[in-house]
Amino acid sequence: MTQTGSTAAAPPSAEGGAAPPARRAAARDPRKTWRSRRYRWDAKFSPYAFISPFFLFFVAFGLFPLLYTAWASLHRVELTAPTDMEWAGLHNYSRLLEDDFFWNSLWVTFVLAVISTVPQLLMALGLAHLLNYKMRASAFFRVAMLAPYATSVAAATLVFAMLYGRDYGIINWVLGQFGVGEIDWQAGDWTSRIAVASIVIWRWTGYNTLIYLAAMQAVPQDLYESASLDGASRWQQFLHVTIPSLRPTILFTVVVSTIGSVQLFGEPLLFDETKGATGGADHQFQTLGLYMYEQGWRNLHLGRAAAIAWVMFLILVVIGVINALIARRLRKS
Amino acid sequence: MALLKTEAPPAATRRRRRPRAGEAGGQQRAGKLTYAILALFTAISIGPLIYTAIAASRTNARLAETPPPLWFGGNLFSNMETAWTDANMDLALLNTTIVAASVAAGTVLFGTLAGFAFAKLRFRLKNLLLLLVIGTMMVPPQLSVVPLYMAIAELGWIDQLQTVILPFLVSAFGVFFMRQYLIQALPTELVEAARVDGASSLRVIWHVVFPAARPAMAVLGMLTFVFAWNEFFWPIIALTQENPTVQVALTGLPRGHNPDQSVIMAGALLGTLPLLLLLLLFGKQIVGGIMHGAVKG
């Protein structure tokens, strides 16, 4: 096996000196030529075979649907008869722009993106810094902060909706001990958004902490050593050594979290105890993702849902472009 | 043999690094305040889960009293039983296990194949194709929902498990994760030696790549299992209460004016426990996987 196989197609190697006579021998023996041809084919095409499942699935379940969404968004399509498509031009889009709830959902999405991402990442940064100290039980802390990550959106939102309950919720009870009156978390504009954001923060802070911690451990130690020789305090080291080294990672987490907030759906859907898809009686916490679901699967306008999906896609493209610009500037500096 | 020459998996790397780090300026020993803050944060992380269990162990009537219960009651098993039978949690847990295991298996298999090709093989357009893989991460699943729904409605696939398995069988993260691991964990000479010995690429995959990739495959499998278990948006659309996953069943629990909160919490607990168990058993590996994927990502 070893000898026959290493004939014609063997790449130049230590025993390369033996190759020329072997190649001549192979040319004479038809069986060996077949084998070596198969071998070369294998070497040439197997990489494509290995990556093809990914691309096949992506085309089938990502790219094609994305493009078809654009096509569907130009039609009137009802959920009850999804195959009956009636050309509507840009009607779905113009309807969107006239709909106050669309603009409302854009605003809510933006607000939630800010109030969930900013505190989350700041806390994660601080916690990662603490975890980076030499300490006991560090493995325990790391695993414990992943518990929310292992909790599903549904389970987390159900329990948070209860914690934020107006009459019997534990949060109002604790606040009541400090003399704060009962808060109707769900009904208020900002209270409901804070509550929904807190679910997102709870689920993702630990995960982001680990990502920052990994990046911090990759910071070369001599940077800290020379900083402390220069008399920099711990806080100064954090500001002037750690943060600059983490910039690419911070950008990465900002982008990922922002993309996540644009898609926010399960939390606002389940936080509403009436199980409506309006995000509260006044749409006060209806995100773009929830608005899309409401239009498509509650109001049965699939075409309009497709148009909303494309608006979301455009927003994500804009985020991606901004990200690329910032990343390029970071690399330059 | 292969692993000896290369860098050990992330957990071991950390262990080796720690004593050295103690001497450096950036990594002093943690003070009491550090422990206090981390303990507080741990309490916040675990608190809602404990409260889920507390509420699940009480009666619904007790949950409508002030002050709210702060310790466990005796109704946990009867509430779980109600959730199990009335809320379809038995079928939901079975379905979710099938779905999450299939998605994890597909992601690991296809991720390892593609990750190996991108890490160790030479072919035309490689860098462009890799960039394309990373670019696909930008396209969130929401954008494909409308046509996919139209397709499954046409095929009569609504409520069938393959609908929520197929779209998630590959992941760009999986490809990238395996590539990053194999670049350092699989010596190129080993692959070339096997090729010189006349091994076909399938044999190389089976006898060289899989053994070297096994630790990362396990971690990727667990991360994907967690992700697939918790997948929400598409199952809500593609499945109904007739044949739900856990997330769909939880969404379908009656709420509003007079819901049985304790049963809802029992359902949430049942749907979360398998993953918490996974975290308890393999927490270190999962932590290592997230951190490993992060440094290079």
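See above for the structure.
Throughout, a residue's number is its position along its own chain's written sequence, starting from 1. Chain A is the first chain written and ligand 1 is the first ligand written, with later ones labelled in order. The predicted origin of the model limits local features to residues at a pLDDT of at least 70 and limits the giving and counting of side-chain atom pairs to 80 or more, whereas totals for whole chains, interfaces and linings rest on all residues.

**Student:** Residues and numbers for the overall build of chain A, please.
**Tutor:** By definition, any uninterrupted DSSP run of H or I lasting at least four residues is a helix, any uninterrupted run of E lasting at least two residues is a strand, and each is numbered from the N terminus. Broken down by element type, chain A carries 15 helices and two strands. Referenced to the eigenvectors of the C-alpha coordinate spread, the extents of chain A come out at roughly 95 × 70 × 40 Å. Buried residues in chain A amount to 42% of all 333 residues. For chain A, restricting intrachain contacts to residue pairs at least 6 apart in sequence, the fraction spanning at least 24 positions comes to 67%. Buried means a residue has 20 or more other C-beta atoms within 10 Å of its own C-beta, exposed means 12 or fewer, and partly exposed covers the counts in between; C-beta atoms are placed from the backbone. The contact rule is simple: place each C-beta atom from the backbone, and if two of them lie within 7 Å, those residues are in contact.

**Student:** Hey, could you go over the overall build of chain B for me, with residue numbers and the actual values?
**Tutor:** Helices and strands together make up the secondary structure of chain B, namely 15 helices and zero strands. Restricting to contacts in chain B with at least 6 residues of sequence separation, those with at least 24 account for 79%.

**Student:** Describe the packing of helix α10 (residues 172–185) of chain B against helix α12 (residues 201–230) of chain B, and please don't skip the residues or the numbers.
**Tutor:** Residue and element names in this part refer to chain B. Each axis is a line fitted through C-alpha atoms, taken for helices only over the stretch in contact, and angles between the N-to-C directions span 0 to 180 degrees. The geometry of α10 relative to α12 is characterised by a closest axis approach of 10 Å and an angle of 155° between their N-to-C directions. By the angle class used here, α10 and α12 are roughly antiparallel. In terms of crossing hand, the pair formed by α10 and α12 is right-handed. Packed against α10, whose contacting residues are Gly174, Phe177, Met178, Tyr181, Leu182 and Ala185, the element α12 presents Ala212, Ala213, Ala216, Leu220 and Thr224 at the interface. Asp, Glu, Lys and Arg are counted as charged, while Ala, Val, Leu, Ile, Met, Phe, Trp, Tyr, Cys and Pro are counted as nonpolar; the rest, among them Gly, fall into the polar class. Considering only residue class, the contact of α10 with α12 consists of nine nonpolar, two polar and no charged. Angular relationships are summarised with four words: roughly parallel below 35 degrees, roughly antiparallel beyond 145, roughly perpendicular across 65 to 115, and oblique for the angles in between. Note: crossing handedness is left-handed where the near helix turns anticlockwise from the far helix by less than a right angle, and right-handed where it turns clockwise.

**Student:** For the pairing of strand β2 (residues 81–87) of chain A, give the residues involved together with the corresponding values.
**Tutor:** Residues and elements named next belong to chain A. With four bridges joining them, strand β1 (residues 75–78) and β2 adopt antiparallel strand pairing. The residue bridging Arg76 from the neighbouring strand is Glu86, located in β2. Paired strands, as defined in this entry, are two strands with at least two bridges between them according to DSSP. Count of turn residues in the β1/β2 antiparallel hairpin: two residues.

**Student:** Kindly report on unusual backbone geometry, identifying the contributing residues and their values.
**Tutor:** All names here are of chain A. If you check the backbone angles, His283 has positive phi at about 60° while not being a glycine. Assignment of secondary structure puts His283 in the loop between α13 (266–271) and α14 (288–298). Unusually for a residue other than glycine, Leu300 sits at a positive phi of about 65°.

**Student:** Go over the interface of chain B and chain A with me, naming the residues and quoting the values.
**Tutor:** Tallying the contact residues gives 92 residues for chain B and 94 residues for chain A. Element by element, the count of residues in the side of chain B that touches chain A is highest for helix α15 (residues 261–296) of chain B, at 17 residues. Grouping the constituent residues of the side of chain B that touches chain A by class yields 58 nonpolar, 25 polar and nine charged.

**Student:** Help me get a handle on α14(A), residues and values and all.
**Tutor:** The buried fraction of α14(A) is high, at nine of eleven residues. Burial in α14(A) covers these residues: A:Leu288, A:Gly289, A:Leu290, A:Tyr291, A:Met292, A:Tyr293, A:Glu294, A:Gln295 and A:Gly296. As for α14(A), its buried residues are in contact with α5 (100–131), α12 (234–262), α13 and α15 (302–332) of chain A together with α8 (145–155) of chain B. Positioned one or two residues after α14(A), A:Leu300 has a phi angle of 65°, which is positive.

**Student:** Now, about the environment of B:Tyr181: what can you tell me, with residues and values included?
**Tutor:** Residues and elements named next belong to chain B. Along the chain, the position of Tyr181 falls in helix α10. C-beta crowding within 10 Å serves as the criterion here: with 30 such atoms nearby, Tyr181 is assigned to the buried category. Counting along the chain gives 112 residues from Tyr181 to Gly293, while the straight-line C-alpha distance between them is 8.7 Å. Not counting residues within four places of it along the chain, the set of residues in contact with Tyr181 comprises Ala213 and Ala216.

**Student:** So what about the packing of α5(A) against α12(A)? Which residues, and what values?
**Tutor:** Residues and elements named next belong to chain A. Put simply, α5 and α12 touch, their axes get as near as 10 Å, and they point 145° apart. Relative to α12, α5 is oriented so that their crossing is right-handed. Touching Thr109, Leu112, Ala113, Ser116, Thr117, Gln120, Leu121 and His129 of α5 are Phe238, Thr242, Thr253, Val254, Ser257, Thr258, Ser261 and Val262, all from α12. By residue class, the composition of the contact of α5 with α12 is six nonpolar, ten polar and no charged.

**Student:** Lay out the nonpolar core with the relevant residues and their values.
**Tutor:** Working definition: the nonpolar core is a set of buried Ala, Val, Leu, Ile, Met, Phe, Trp, Tyr and Cys residues, joined through C-beta atoms within 7 Å. Counting residues in hydrophobic clusters, the biggest one holds 164 residues, and the most contacted among them are A:Leu158, A:Ile308 and A:Ala309. Setting aside chain neighbours within four positions, we find A:Ala309 in contact with A:Thr69, A:Met292, B:Gln142, B:Leu143, B:Val145 and B:Val146.

**Student:** An account of the environment of B:Leu76 is needed here, citing residue identities and associated values.
**Tutor:** Residue and element names in this part refer to chain B. Looking at the secondary structure, you find Leu76 in helix α5 (residues 76–86). For Leu76 and Phe225, which are 149 residues apart along the polypeptide, the C-alpha to C-alpha distance reads 27 Å. Residues within four places of Leu76 in sequence aside, it is in contact with Ala56 and Ser57.

**Student:** Describe the environment of A:Pro53, listing the residues and the values that go with them.
**Tutor:** All names here are of chain A. Within the secondary structure, Pro53 is located in helix α3 (residues 30–72). The class for Pro53 is partly exposed, based on 18 C-beta atoms found within 10 Å. Sequence separation between Pro53 and Thr249 is 196 residues; the distance between their C-alpha atoms is 30 Å.

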